[in-house]
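So the chains spell out like this:
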Amino acid sequence: MNTALKITAFAAGLATVFGTSYGIGHVTGDTSPKPSAAAHAGHTSAAAPSDPASPDGDGGVVPGGAGHLPGGLQISERGYTLSLGDSYVTAGAPVDLRFRILGADGRPVTAYQRAHGKELHLIVAPRDLSTFQHLHPTRAADGTWRTTAAVPAAGEYRVFADFTPAGASQGLTLGADLHAAGDLRPVPPAETGRTVTVDGYRVTLTGDLTPGRSTRLSLAVAKDGRPVTDLQPYLGAYGHLVALRAGDLAYLHGHPDGEPGDAGTAPGPDITFTTTAPSRGGYRLFLDFRHGGVVRTAAFTVTAADGPASAAASATPATPPASAPAEHDGDHQH
């Protein structure tokens with residue numbers, strides 16, 4: 001696994017993060033995005049065929065070709081298309097998601113490169129960013145992918161497929177809408193401070209992002225008042241970071257600096273990422289980490305803003321829903 005934060009062929013999501021002249025600012029409850037003049041693509045939104053490839057660098061994110069959209073905003077890119085079997089479902093019960101990745105010839109893709117232990121990673125999130133699922137579908141011989149997703153409430157969801165076709169030099173992330181019928185009651189993302197609590201674990205975010213510059217985020221995990229120093233690898237890393245931009249759900253998927261077994265990366269308490277954001281506005285950051293055999297997710301609401309970051313708008317920890325036990329490569333839903 002490559003070191004550093006990357007937008008991978010993973011849903012993912014994240015070179016991470018989009019590189020332009022804007023960035024994430026400080027932790028707050030404001031999630032209203034402001035439009036960006038130009039948002040460059042990351043690793044998952046690769047350069048066009050006429051552009052040179054943009055490999056990831058250690059410790060950060062290398063943008064894709066200039067002028068390209070961030071990952072997950074397009075259903076088709078570079079000749080590949082995400083085709084959902086049924087984009088209309090009923091909320092309140094688990095949904096059997098089936099989809100295919102179609103190539104330029106219209107045929108299902110049946111050969112992929114493995115990234116972080118899987119051929120394809122799937123992220124499912126509602127547009128109000130109240131929940132988050134990181135899933136690992138199974139693929140049939142005919143190229144049809146299948147998984148079960150939770151659709152707890154009515155509304156509009158976004159499905160992100162993060163993958164690298166066999167023979168491709170770069171991965172990409174495609175996104176499609178999933179419409180869930182029912183009694184729609186949208187709610188804004190929960191406000192958070194720099195510390196959130198999930199299943200008794202306290203995760204603290206330090207560091208601010210400055211527009212147009214790669215900056216470092218560190219997330220420290222503690223339990224019962226003590227730092228956690230025995231985090232377990234999950235998909236080949238001590239943590240995974242997914243960011244979704246409020247409004248259009250532009251997608252970033254990141255991996256931390258270093259990796260288990262590299263003789264330089266400690267298994268906690270800190271998980272460090274180097275990031276650059278595509279624009280001003282609100283974002284939800286979802287950190288997956290594994291401890292005691294269980295994968296948990298800590299969610300932060302942040303704002304990308306010009307200038308130095310201010311203190312958190314709220315110091316009261318938000319408590320996301322509890323996690324279910326997960327195996328090393330198991331699906332993860334919140």
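Caption draft 1: Fine view of the overall build of the protein. The number of helices and strands found in the protein is 0 helices and 22 strands. Across the 334 residues that make up the protein, the buried fraction comes to 54%. As displayed, the protein has an accessible area near 12,800 Å², and 52% of this comes from carbon and sulfur atoms.

Caption draft 2: Looking closely at the pattern of salt bridges. Taken as a whole and assessed by the stated rule, the structure comprises 8 salt bridges. Asp 96 serves as the salt-bridge partner of Arg 146, at 3.0 Å between the closest nitrogen and oxygen. Here Arg 146, found in strand S10 (residues 144-149), pairs with Asp 96, found in strand S5 (residues 95-102); they are 50 residues apart in sequence, far enough to count as distant. A salt bridge links Asp 177 to Arg 158, with the nearest nitrogen and oxygen atoms 2.9 Å apart. Placement of Asp 177 in strand S12 (residues 172-181) and of Arg 158 in strand S11 (residues 155-165) is noted, with a sequence separation of 19 residues between them. Accessibility expressed as a relative area gives 7% for Arg 158, which makes it buried. It is possible to trace a salt-bridge network through shared partners that takes in Asp 96, Arg 98 and Arg 146.

Caption draft 3: Up close: the nonpolar core. Among the nonpolar cores identified, the biggest contains 26 residues, and Phe 99, Ile 101, Leu 120, Leu 122 and Phe 163 are the most heavily contacted of them. Broken down by secondary-structure element, the contributors of at least two residues to this core are strand S3 (80-84), S5, strand S7 (120-126), S10, S11 and S12. Looking at this core element by element, the count peaks at 5 residues for S12. Setting aside chain neighbours within four positions, we find Leu 120 in contact with Phe 99, Ile 101, His 136, Pro 137, Trp 145, Ala 161, Asp 162 and Phe 163. Core analysis: the next-biggest nonpolar cluster, separate from the first, contains 25 residues, Val 228, Leu 241, Leu 252 and Val 302 among them.

Caption draft 4: Spotlight on the confidence of the model for the protein. Per-residue pLDDT for the protein averages 75, and the proportion of residues at 70 or more is 68%. Predicted confidence in the protein is weakest over strand S1 (residues 26-27), with a mean pLDDT of 48, and strongest over strand S9 (residues 138-139), with 98. pLDDT under 50 marks residues 1-26. Its contacts with residues more than four places away, or in other chains, come to 187 contacts. Confidence drops under pLDDT 50 across residues 308-329; counting only partners more than four residues distant or on other chains, this segment forms 63 contacts.

Caption draft 5: Fine view of the environment of Ala 125. Structurally, Ala 125 is set in strand S7. Residues Ala 125 and Arg 158 lie 33 residues apart in sequence; the distance between their C-alpha atoms is 5.5 Å. For Ala 125, the residues in contact, after removing those within four places along its chain, are Thr 131, Tyr 157, Arg 158, Leu 244 and Leu 249.

Caption draft 6: Structural context of the sheet that holds strand S2 (residues 76-77). A sheet is described by the order of its strands in space; here 5 strands give the open sequence S2-S3-S5-S10-S9, paired in antiparallel fashion. The outermost strands of the open sheet, each flanked by one partner alone, are S2 and S9. Where S3 meets S5, 4 bridges bridge the pair, whose relative direction is antiparallel. Residue pairing for S5: Thr 81 is matched across the bridge by Leu 102.

Caption draft 7: Representation of the pairing of S3. Residues Tyr 80, Leu 82 and Leu 84 point to one face of S3 and are all buried, whereas Thr 81 and Ser 83, pointing to the other face, are not buried. Here 2 bridges tie S2 to S3, and the two strands are oriented antiparallel to one another. Of the residues in S3, the one forming a bridge with Glu 77 is Tyr 80. Linking S2 to S3, which pair antiparallel, is a turn of 2 residues; within it Arg 78 sits at a positive phi near 50°.

Caption draft 8: Just the side chain of Thr 192, in detail. Of note, Thr 192 is situated in the loop between S12 and strand S13 (195-198). Among the residues examined, Thr 192 registers a relative accessible area of 1% and is labelled buried.

Caption draft 9: Structural view of the packing of aromatic side chains. By the definition in use, this model includes 7 aromatic pairs. Taking 6.4 Å as the distance between ring centres and 80° as the angle between the ring planes, the aromatic pair formed by Tyr 80 and Phe 163 counts as edge-to-face. You can see Tyr 80 sitting in strand S3 and its partner Phe 163 sitting in strand S11, a full 83 residues away along the chain. The exposure class of Phe 163 is buried, given its relative accessible area of 0%. Centroid distance Phe 99 to Trp 145: 6.3 Å. Interplanar angle 10°. Geometry classified as stacked. Highlighted residues: Phe 99 in strand S5 and Trp 145 in strand S10, separated in sequence by 46 residues. For the pair shown, Phe 99 and Trp 145 are each scored as buried.

Parameters at a glance
Residues numbered from 1 in each chain as written. Predicted model: local features only at pLDDT ≥ 70, side-chain atom pairs only at ≥ 80, totals over all residues. Heavy atoms only, no water. Helix = DSSP H or I, 4+ residues; strand = E, 2+ residues; numbered from the N terminus. Buried < 20%, exposed > 50% of the residue type's maximum accessible area, 1.4 Å probe, protein only. Areas by Shrake-Rupley, 256 points an atom, 1.4 Å probe, with all protein chains shown as cover. Salt bridge = Lys/Arg side-chain N within 4 Å of Asp/Glu carboxyl O. Core = buried A, V, L, I, M, F, W, Y, C linked by side-chain atoms within 4.5 Å. Contact = heavy atoms within 4.5 Å. pLDDT = per-residue confidence, 0-100. Pairing = 2+ DSSP bridges. Phe/Tyr/Trp six-rings, centres within 6.5 Å; stacked < 30°, edge-to-face > 60°.

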